[in-house]
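The lines below spell out each chain.
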Amino acid sequence: MTARQLRVAGVLAALSVGVLSWTSCAVSGAGAGSGSDASGPLGGFGRREERQRIGSFSNVQAVAVSRRYVFAAGSSGIAMYDRLMNRWLPPLTRDDGLSEQQITVLAGDPVEDAMWLGVPGGVILYRPLTEQLQRTIVTGVPDLIAFDRAGTGDAIVRAGGEWTRISRVGIATPMQRPPLANALILPRTLNDLYAQFPTLRTQPSLLLRSQQSDRPLRSVQIISGAASPERASEVWLGTAADGLFRLDPAFMQSTPLPYGLLEPGVGALALAADGVWAAGLGLAFDRGGLSFVGSDLQRFRWIEGTIAVPLVGVRGRSLVTRASRAWLGTDRGLVRVRLDGAQAMQSWGVLDGLPDERVLSVATRDDGVWAGTARGLVYVSDSSDSRNVRTRGVGVRLLDNMPVHALQFTGDTLWMGTEAGLMAIATPNGTVGGVVSRPVGNDPALRRPVRALAWSDSVLLAATDDAVLRLSPRGGVEPVRVDLLDVRLVGRVTKVAIDDRTMWLAGADGVVIVSRRDGATRVLRVPGDLPGPVLDVAADRDYLWLGTPQGVIRLRRRGDGGLP
């Protein structure tokens, strides 16, 4: 074999290694397999479109633009927007093989519709069209990614003061000397945009924000930016706490593109007609409120706390919606949020007549809401705006000094899961209350703390620390333990749910899913299948929604109510 043949064989071998490396790092559910980093939470079942985790993207730390896509890096991963179709793609998160390392640099590929990002010790190339993730090891922390003007447009990466050429199949070649500036394609940075459009630095609030009179006045902070490679009149900006913006610098007009949750983590969920509302855990220091996530993951809406009702640092514990209003139980009282254009808020606390600031559960009626607190049950009228200024619509108080963990209406009967067991009030009245009774049954679990309640058609489920009971709301039937909903599989119980096809039991260690038709059982565990404890559950005909400290998880349901 001649020397030339040996060189050709060596090149082919290197290319074959690069192609194998590329294929082996395909995102879970696409390509030939998954790399070592693709086996994160949710990676063990279903295709990518069947399970999605949506986190917070209000803080956009980096922005990059390719010929078709916009990439926005947040604390929960990387959001991707298709500029051609004007729609969001599923985000790239740890569930899809992206490591939780800090992203140090982000760049859009000028040759193909792809994204390059640098993390300590490596460079990642992601192709959205084929959902392929390619990882290349480099020495040091990348701080610059440029592209070669000649040849195939290889990436030129600077890390730790050293330069490395990375081919499109993942082959890294150290460079002996720095590249020439005129031989590189350098993506424009935020400083380049400031130099071209000085108004972005001097008056960002006039361009990027519409201030509401009852909302806190905050200055807009632009922390990242990128320019469209082929449209001079299109600039993309990432902000601190206000999300992603598309700006037309020629006319100085901006369009907000909110994506994901307003704040990290989900403490409570409530179904809407075409999606789900989520309340946060109070982990953010800049903004707090409610987030709407559309079922198609294309429509997102944020409702921030007002000046009179600040929600920064407030944990949502229970959330229900009725008509155009949402009632939110928090660790700082009860909050009513108008979901219409006004987005007005009103709150009640101990000074207004609540037994305790900690509102653990909420159940609504047409004329008001029953709130279960850490020290009793209270009624609040929904027409409190026109009621006595002194009482502000706060009515009767029951079960003094008794924690009320869960509330559930079945017809006109209000069921209460308390620290002393399961109780009920037939036809409760907001003015005089009602007679508190206990259900028929000798099971000792009825006298133990009831953590969660759920109802569907003729079945009421009550979850305690060691069992789930099935009751008939009409009474006269001895409660039956639902052994398939095994509390030991989920740890500390947080939620129980039921519809006409399925039952769910959620807790700190996962979720148990049981079919009502044939009893088929499935368990999603933490951390193998889920990223963290499940704090709330909501289900519609097509999707199962799980609220976790890492965000809201949407799982597609089969026709029988189960998961793929």
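Now for a description of the structure that goes with this document. All values reported here derive from a predicted model rather than from experimental measurement. (Residues numbered from 1 in each chain as written. Predicted model: local features only at pLDDT ≥ 70, side-chain atom pairs only at ≥ 80, totals over all residues. Heavy atoms only, no water.)

One pass over the structure, following the stated rule, counts 11 aromatic pairs. A ring pair is formed by Y69 and F71, whose centres lie 6.2 Å apart and whose planes are at 50 degrees; its orientation type is tilted. Owing to a relative accessible area of 2%, Y69 belongs among the buried residues under this scheme. Among the residues examined, F71 registers a relative accessible area of 0% and is labelled buried. Every member of this aromatic cluster is reached through a ring pair, and the members are F57, Y81, W88, W236, Y259 and F300. Here R365 stacks its cationic end above the ring of F409, 4.0 Å away from the centre of that ring. (Phe/Tyr/Trp six-rings, centres within 6.5 Å; stacked < 30°, edge-to-face > 60°. Buried < 20%, exposed > 50% of the residue type's maximum accessible area, 1.4 Å probe, protein only. Lys NZ or Arg CZ within 6 Å of the ring centre and 35° of its normal.)

Strands sit in the order β1-β45-β44-β43 across an open sheet of four strands; the sheet is antiparallel. Each of the sheet's edge strands pairs with one partner strand only, and the pair in question is β1 (51–54) and β43 (536–539). Taken pair by pair, the neighbouring strands of this sheet meet at an average axis angle of 15 degrees, ignoring direction. When strand β44 (residues 543–548) meets strand β45 (residues 551–556), the two strands line up antiparallel, connected through six bridges. Looking across to β45, one finds that T548 is bridged to G551. (Pairing = 2+ DSSP bridges. Helix = DSSP H or I, 4+ residues; strand = E, 2+ residues; numbered from the N terminus. Axes fitted to C-alpha atoms, helices over the stretch in contact; angles between N-to-C directions.)

A few words now on the pairing of strand β2 (residues 62–65). Both faces of β2 are covered, namely the face carrying A62 and A64 and the face carrying V63 and V65. Relative to strand β3 (residues 69–74), β2 is paired through four bridges, and the arrangement is antiparallel. When the bridges of β3 are listed, A62 appears paired with A73. Connecting β2 to the next strand, β3, in antiparallel fashion are three residues.

Turning to the sheet that holds strand β14 (residues 184–185), a few remarks are in order. Across the sheet, which stays open at both edges, the five strands sit in the order β13-β12-β11-β10-β14 with antiparallel pairing between neighbours. In this open sheet, the two strands that pair with only one neighbour each are β13 (172–174) and β14.

Another aspect to go through is the layout of surface pockets. For the largest pocket, the calculated volume is near 1,300 Å³. For the lining of the largest pocket, the secondary-structure elements that each account for two or more residues are β19 (268–272), β23 (316–322), β27 (359–365), β31 (404–410), β35 (450–456), β39 (493–498) and β43. In terms of residues, the lining of the largest pocket owes the most to one element, β23, which gives seven residues. Its volume calculated, the second largest pocket comes out at about 670 Å³. Taken together, 31 residues form the lining of the second largest pocket, with V63, L106, P187, R188 and T189 sitting closest to its centre. Every element with two or more residues in the lining of the second largest pocket is listed here: β2, β6 (105–108), β10 (142–148) and β15 (222–227). (1 Å grid on protein atoms, 1.4 Å probe; cavity = no way out; pocket = protein on both sides within 12 Å on 5 of 7 lines; lining within 4 Å. Points joined across faces, edges and corners; volume = space filled by probe spheres on them.)

Geometric values such as these leave the question of function open.
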